[in-house]
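Coordinate analysis (summary)
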Amino acid sequence: MSISTDFSVAIVGAGLSGLCLAQQLVRAGIDVHVYERDPGPFVRRQGYRIILDRYGLEALRASLPRPLYRLALATGDEPGGHLRFTDSRLRDAFTINFKDEPYATRQVDRLTLRSILMSGLEERIHYGKAAVALEDGGPAGLRLRFSDGRSAEATVVVGADGVGSALREQIMPGADPENSPMAGIYGRSPLRQDGASVIPEALRTSGVLALADEPGRAFFFTSMRFGESPRDAFPRLAPDSYAPTGDDYVMWGLLLRQEEVPMGVRGDLLAMRELAARRSADFHPLVRRLVDTAELDATVLNLFATGRRPRQWAVPRATMMGDAVHVMPPFGAHGGNTALRDAALLGRRLVEARANGTPVEEAIAGYQDEMVPYAFRAVDTAARLMRRLTGGAAAPHWVLTRVLPRLHPVTVPEA
Ligand SMILES: Cc1cc2nc3c(=O)[nH]c(=O)nc-3n(C[C@H](O)[C@H](O)[C@H](O)COP(=O)(O)OP(=O)(O)OC[C@H]3O[C@@H](n4cnc5c(N)ncnc54)[C@H](O)[C@@H]3O)c2cc1C
């Protein structure tokens, strides 16, 4: 292969990181195409919220045109808030307070964010394109093969195809993620029911992680209140893009052991919700109400896995971003933020390479050298938190569920 300074980019996966990178490259005038396995843009509910930290917000600011970045902030929840650790009856053990600054952390709706990230890329995203392999070849340098037998050429290929990446073994061999013992059944429920908020005022701006007495079981919930309804904000800031409905909701997740989720239940929405109801029966009545009123088609099962450090990058003009490299259990809310941070970093390196005439292989290697340390710090932190909060290590769990809650007044009285 010859060294390349003028290049085209093929991104595999129109998730958070793939779209964020595409936005940045399009703005810089680089020829980029995104290949997505789903048959269309909104076929899955992707019905949960995501907390963006300063890395996620900074990545969006650096990649999106101004009106789209403003749209992400305008439709987001109010800044600040708390994360409460409680026992199963919602008695506080301790609380983390988030900074009350617009650019420190923001909770956004994932579907809305995805629609924002797709804005302006309509001609460049190709749906129904499941990548299966990468080959040398074609005038551009690399050829991407799809399951429909077709192929596409590009100078640079970026795997942003999530935890089950089809390209990982070729690009970073021997680095498949490690399975963990834990899983999450996620759901969403309307925030307003029978004319009132289901979340009491005391928890209005709180995420809550309620730990069961028995190690290995916990329930998380948080409400998503749109700052401005997407129905109002999109026509103003992205008039040609799809505006999600924007009804406020509560996102929840029951954390349990994978062995508690029988194979026959996985993929069966009703059976998963029923399992969540059975396994959360001992929690506070508010928890049970959330599960009972969940929207069935938003039910998702996530088997937690932990990424393994790449030992080798086998294809100099191909790289990977996000969960495809460094999937992590959802403790600490770093997965999506780290994916967005990767996209901003790789985008910057590629744009600089084209401006300075640096070979694209060098730009990619520079990205990988910088990404691996911060990403795997986040993986290690998330895995450690998962072990502490759900593992059998008796002392921390006992302190969190039996000692600390007795020191605080009741936050949510049981009706
Ligand atoms: C319930 C829940 C809550 C979360 N909350 C947070 C949070 O608060 N903060 C946070 O930082 N993170 C959070 N995360 C994690 C975050 O969602 C992920 O880390 C993030 O989406 C990873 O982005 P990505 O671009 O790597 O992959 P994804 O967003 O998963 O996108 C991958 C894309 O690739 C496509 N694809 C897969 N295979 C192929 C193929 N062979 N060919 C073509 N396309 C393919 C998929 O269809 C998908 O569109 C949460 C996750 C869950 C499940």
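Residues numbered from 1 in each chain as written. Predicted model: local features only at pLDDT ≥ 70, side-chain atom pairs only at ≥ 80, totals over all residues. Heavy atoms only, no water.

1. Things to note about the sheet that holds strand 7 (residues 125–126)
Ordered by their spatial adjacency, 5 strands build an open sheet running 7-2-1-11-19, and the pairing between neighbours is parallel. Each edge of the sheet is formed by a strand with only one pairing partner; in this case those strands are strand 7 and strand 19 (318–320). The pairing of strand 11 (residues 156–159) with strand 19 spans 3 bridges and is classified as parallel. In the strand pairing of strand 19, Val157 is matched with Ala318. (Pairing = 2+ DSSP bridges. Helix = DSSP H or I, 4+ residues; strand = E, 2+ residues; numbered from the N terminus.)

2. Considering the site of the ligand
Taken together, 35 residues surround the ligand, and among them Ser17, Glu36, Ile51, Asp323 and Gly336 come closest. Within the backbone of Arg37, an N or O atom sits 3.1 Å from a nitrogen atom of the ligand. Between an oxygen atom of the ligand and a main-chain N or O atom of Asp323, the distance comes to 2.8 Å. Of all the secondary-structure elements, those providing two or more residues to the shell around the ligand are helix 1 (16–27), strand 3 (49–52), helix 4 (110–118) and helix 10 (335–356). Top element by residues in the shell around the ligand is helix 10. It accounts for 4 residues. (Near = heavy atom within 4 Å. Polar contact = N/O pair within 3.5 Å; in protein donor to acceptor, adjacent residues only side chain to side chain.)

3. Overview of the UniProt feature "domain: FAD-binding" (unreviewed entry) in the chain
Within the UniProt annotation, "domain: FAD-binding" (unreviewed entry) is assigned to residues 7–171 and 308–381. Helix makes up 65% of residues 308–381 and strand 4%. Its end C-alpha atoms lie 14 Å apart. (UniProt positions renumbered as here; feature names shortened; annotations may be inferred.)

4. Some words on helix 3 (residues 66–75)
For helix 3, the full list of buried residues reads Leu68, Tyr69, Leu71, Ala72, Leu73 and Thr75. The inward-facing, buried residues of helix 3 abut helix 1, helix 2 (54–63), strand 6 (106–109), helix 4, strand 16 (218–224) and helix 6 (230–237). (Buried < 20%, exposed > 50% of the residue type's maximum accessible area, 1.4 Å probe, protein only. Contact = heavy atoms within 4.5 Å.)

5. Digging into the pattern of salt bridges
Scanning all chains against the criterion turns up 21 salt bridges. The residue Arg217 makes a salt bridge to Glu260 at a minimum N-O spacing of 2.5 Å. Taken as a pair, Arg217 in the loop between strand 15 (206–211) and strand 16 and Glu260 in the loop between strand 17 (249–257) and helix 7 (269–279) lie far apart in primary sequence, 43 residues in all. With relative accessibility at 11%, the residue Arg217 sits in the buried group. Put simply, Glu214, Arg217, Glu260 and Arg279 are held in one network by salt bridges that share partners. (Salt bridge = Lys/Arg side-chain N within 4 Å of Asp/Glu carboxyl O.)

6. Some remarks on helix 1
The end-to-end C-alpha distance of helix 1, which contains 12 residues, comes to 17 Å, matching closely the 16 Å that a straight helix rising 1.5 Å per residue would cover. With 10 of 12 residues buried, helix 1 is to be regarded as a mostly interior element. Looking one or two residues beyond helix 1, the residue adopting positive phi is Gly29, at roughly 80°. (Expected span 1.5 Å × (residues − 1).)

7. Comments concerning the sheet that holds strand 18 (residues 300–306)
Taken in spatial order, the 7 strands of this open sheet run 5-4-15-16-17-12-18, and their pairing is mixed. Among the strands making up the open sheet, the edge pair consists of strand 5 (92–97) and strand 18. Recorded for the sheet is a direction-independent mean angle of 20° between the axes of neighbouring strands. Inspection of the sheet shows strand 12 (residues 178–190) paired to strand 18 by 6 bridges, in the antiparallel sense. Residue pairing across strands places Ala183 opposite Leu303, the latter belonging to strand 18. Set on the sheet, helix 8 (residues 285–292) makes contact with strand 12, strand 16 and strand 17; between it and strand 16 the angle comes to about 70°. (Axes fitted to C-alpha atoms, helices over the stretch in contact; angles between N-to-C directions.)

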